[in-house]
Amino acid sequence: MSREAVSQETLSREVVVANSQGLHARPADMLAREARKWQSRIELVADAQRADGKSILEVLTLAAEAGTRLVVEATGPDARQALEAIGSLFERRFNEQNDQES
Amino acid sequence: MLKLQGIAVSPGVTIGEALVLDAEGFRIPRRFVERSAVDTELARLAAAVAEATREIERNRDAIRSELGDQYAAIFEAHLAMLHDERLQQELTSAVRDRNWWPEYAVSRTLRRYAKAFQNLDNHIAQRAHDIYDVEKSLLRALLGQRRETLASISQPVVVLAHNLTPSETANLDRRLVKGFATELGGPGSHTAIVAEGLEIPAVVGIGPFLADVSGGEPVILDGNQGVVILQPDEETIARYRQELEAAKSVAARLGALRDLPAETTDGVRVQITGNIEFPDEAEHCLARGCDGIGLYRTEFLYLTSKREPTEEDHFAAYRAVVEAMAGRPVVIRTLDLGADKMLTETRPEEERNPCLGLRSIRLSLRQLPIFRTQLRAILRASALGDVRVMFPLVSTIVELRQARMVLADVMEDLAEHGIAFNPKMPVGMMVETPAAVMMLDVFIKEVDFVSIGTNDLIQYTLAVDRGNKEVAELYNACDPAVLRLLSRSLDVAREAGVPANVCGQMSGSVMFTQLLLGLGLRQLSVPASAIPEVKQVCRSVSVADCRVIAEKALAMDGAREVKAYLRDQMRRLLAQTVA
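Here is what the cut-offs are and how they apply
- Residues numbered from 1 in each chain as written.
- Chains lettered and ligands numbered in written order.
- Predicted model: local features only at pLDDT ≥ 70, side-chain atom pairs only at ≥ 80, totals over all residues.
- Heavy atoms only, no water.
- Helix = DSSP H or I, 4+ residues; strand = E, 2+ residues; numbered from the N terminus.
- Buried < 20%, exposed > 50% of the residue type's maximum accessible area, 1.4 Å probe, protein only.
- Contact = heavy atoms within 4.5 Å.
- Areas by Shrake-Rupley, 256 points an atom, 1.4 Å probe, with all protein chains shown as cover.
- Lys, Arg positive; Asp, Glu negative; His and termini not counted.
- Charge placed at Lys NZ, Arg CZ, Asp CG, Glu CD.
- Buried area = accessible area lost by both parts, 1.4 Å probe.
- Salt bridge = Lys/Arg side-chain N within 4 Å of Asp/Glu carboxyl O.
- Polar contact = N/O pair within 3.5 Å; in protein donor to acceptor, adjacent residues only side chain to side chain.
- Nonpolar A, V, L, I, M, F, W, Y, C, P; charged D, E, K, R; others polar.
- Pairing = 2+ DSSP bridges.
- Axes fitted to C-alpha atoms, helices over the stretch in contact; angles between N-to-C directions.
- 1 Å grid on protein atoms, 1.4 Å probe; cavity = no way out; pocket = protein on both sides within 12 Å on 5 of 7 lines; lining within 4 Å.
- Points joined across faces, edges and corners; volume = space filled by probe spheres on them.

A.B. asks: Give a description of the overall build of chain B that names residues and reports values.
C.D. replies: Scanning chain B from terminus to terminus reveals 24 helices and 16 strands. For chain B, the spread of C-alpha atoms along the principal axes amounts to about 80 × 60 × 45 Å. For chain B, buried positions account for 54% of its 579 residues. Partitioning the intrachain contacts of chain B with sequence separation of at least 6 by distance along the chain shows that 68% fall at a separation of at least 24. A total accessible area of about 25,600 Å² is found for chain B, and carbon and sulfur atoms account for 50% of it. Charged side chains in chain B number 67 positive and 79 negative. The centres of these two groups are separated by 3 Å.

Listed below in structure tokens is the structure:
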């Protein structure tokens, strides 16, 4: 019972798209790849739109430009670790090169 | 039902099955899979995914060795999209549960994703390209060599495309293509002119909408209102069918006008000539009772062929028109293209402002061999009937004199070789720039006729690019500045005793017929489709009344006022004649 309750807990964290090109195909791919490593369900929320974090196509259709604030939600047993890993991708600006001055 | 508003460029209404051209001009019909074939089709889909994967991997590897990992990453992303679990589930379900043909499922599903980008600004909208790329790879793998092109259609369709080039438009099969609509394009674009010439109803400049269609569904195209209706409901279809029937009976009534002269109620004979682009349009004009061809555009010769047209190409086209006209005048306008559309190797530097650049007579005078070839053919055709030549976009007297000199030189050449032509072939110029209007009293002494091209005259007078959505509103034939220039031109021509006509969209719109007659115009050159209506108006009005209308319009301050007034006058007239 209590185990079940823990595994269904939804954790969330706000992130900002900081790389100058926004969430285009390559970072969306990195994000979805990372999300798929975890058991938890991962969703990205931007205003009224919600996307499955494990689907590159859904992530892309958020059309998130540089500066967009997103909420990452993770639901499942490894939600905390998943959020951390995904949050760090945003912090590292998806390792975009030539992006230091932006 | 989805109603889309675009720009009406070629009149007529049509109801038919949509044929969607993808970004590469291929079509994806809406087709269904038999239940028993679902597994086979799913296997075909899986094989296509594998094939597309190999293709993308090949590209990735090639780019990686050439440019490095950073660039190859984009192909990794394409692979990820292709193998996106959601996408795969959706595709499988579309085939298994909805029995969609895999091609159709791929196109429909991926376009739904791409649609998320279409209303966003350009910078992000570009990202839809990645999704379209994946769509293309999959379709290539699915269709293999069986991709269908416009050339292979076998039943009537309404073509929906991102854009059609003038040559694609010119090559449409008129028996099967009942209309077309495009996301890009503006009024007065060459594609629009070609569509009107072909008498195919057309709407352009709709903006992004192809993500909403897949082909095969019914579509209504209203080329009068510039409206396209996707998946229309029964009621709308019924209403349009009624309209089609009504249009037929009006057409029949107007058809009765064919052999009647365009003569006003107070006995003034008006010449109504046709504007044509293709030689076989001459028949369309004759069938509607034209008095000749007032504007024969010759650009199609350059646009429909991959090579430079020869003298014989020109001559064959002109001869066909001259012979069809059987003694009626045929005014041939020399090449009116911009440098950007020419086929020559020596393409000048890209122009920042092509409308103000090297085009029309300026280009002809720069490319003398091409110009001479065309003039030779026109002169040879002049031996066969009443051919007249006209130079476009003349803005200085020097250009006119130079053009006449080249013509004289070509005449001499033909005479030397004993080739027949009419040495007295009338030579005219188009009045399309404010400069030409202001100096017309000078020009008029050196020409046999003038033709006022309102499309360009409006554009240059009001400094508006009619293809630019932001300012297209300012492009208005009713602007008092335009009316004054027209009035002045017609006065100068009348005083000099030189015939003047007006071609361009203004003369083909019945809203302006009374105004133009009132300003003193006695020759109108209009698209074939407009001949009956314009003739009908001419036969219903008196020049005396038209003068009053023109005087009132000329005294007005703004385009809006003029437009409201002319509309009102036209409605009154219609109420009288239709009743």
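A.B. asks: Quick one: what's the story with the interface of chain A and chain B, residue by residue and with numbers?
C.D. replies: The partner chain B presents 21 residues to the 20 residues of chain A that form the contact. Around 1,800 Å² of area is buried between chain A and chain B when both sides are counted, 62% of it from carbon and sulfur atoms. Linking chain A to chain B there are 3 salt bridges. The salt bridge involving Glu76 of chain B is made with Arg33 of chain A; its shortest N-O contact spans 3.9 Å. Applying the counting criterion to the chain A and chain B interface returns 5 residue pairs in polar contact (both at pLDDT 80 or more). When contributions to the side of chain A that touches chain B are tallied by element, the ones reaching two or more residues are helix H2 (25-36) and helix H3 (56-60) of chain A. Among the residues making up the side of chain A that touches chain B, the classes are represented as 7 nonpolar, 6 polar and 7 charged.

A.B. asks: Which residues make up unusual backbone geometry, and what are the values?
C.D. replies: The bulk of non-glycine residues show a negative phi, and the bulk of peptide bonds are trans. All names here are of chain B. Positive phi values are uncommon outside glycine, yet Asn99 reaches one of about 60°. Looking at where Asn99 falls in the secondary structure, it is placed in the loop between helix H3 (85-96) and helix H4 (102-118). A positive phi is found at Leu393, a non-glycine position, where the angle reads about 55°. Its location among the elements puts Leu393 in the loop between strand E12 (387-391) and helix H15 (397-416).

A.B. asks: Hey, could you go over the pattern of salt bridges for me, with residue numbers and the actual values?
C.D. replies: Under the defined criterion, the tally for this structure stands at 38 salt bridges over all chains. Asp173 of chain B serves as the salt-bridge partner of Arg175 of chain B, at 2.9 Å between the closest nitrogen and oxygen. Here Arg572 of chain B ties to Asp568 of chain B by a salt bridge, and the two come within 3.9 Å at their closest N and O atoms. Of this pair, Arg572 of chain B and Asp568 of chain B are both found in helix H24 (residues 559-578), 4 residues apart, which corresponds to roughly one turn of the helix. Look at Asp568 of chain B and you get partly exposed, because its relative accessible area is 33%. Overlapping salt bridges, with partners in common, bring together Asp29 and Arg33 of chain A together with Arg60, Asp61, Arg64, Asp69 and Glu76 of chain B in one network.

A.B. asks: Tell me about the sheet that holds strand E6 (residues 202-204) of chain B, and please be specific about residues and values.
C.D. replies: Residues and elements named next belong to chain B. Strand order in the open sheet formed by 8 strands is E1-E8-E7-E3-E4-E5-E6-E2, and the pairing between neighbours is mixed. The open sheet has two edge strands with one neighbour each: strand E1 (2-5) and strand E2 (7-10). The average undirected angle you get between the axes of adjacent strands in this sheet is 30°. As paired elements, strand E4 (residues 157-161) and strand E5 (residues 177-182) share 5 bridges and run parallel to each other. Bridge pairing in E5 places Ala161 opposite Thr182. Running at roughly 125° to strand E3 (residues 13-20), helix H9 (residues 234-255) makes contact with E3, strand E7 (218-222) and strand E8 (227-230) of the sheet.

A.B. asks: Explain empty space enclosed by the protein to me, using residue names and the numbers behind them.
C.D. replies: All names here are of chain B. Tallied over the full model, the rule gives 3 cavities of 30 Å³ or more. Here the largest cavity is characterised by a volume of approximately 210 Å³. For the largest cavity, the lining is made up of 18 residues, of which Ile193, Glu196, Asn275, Arg297 and Pro527 are closest to its centre. Within the residue set of the lining of the largest cavity, elements represented by two or more residues are helix H8 (190-198) and strand E9 (271-276).

A.B. asks: Before we move on, can you summarise the pairing of strand E14 (residues 449-453) of chain B with the specific residues and values?
C.D. replies: Residues and elements named next belong to chain B. Along E14, 5 of the 5 residues are buried, which leaves the element largely enclosed by surrounding structure. What you see with E14 is no split at all: Phe449, Ser451 and Gly453 on one side and Val450 and Ile452 on the other are buried throughout. The pairing of strand E13 (residues 427-431) with E14 spans 4 bridges and is classified as parallel. For Gly428, the partnering residue across the bridge sits in E14 and is Phe449.

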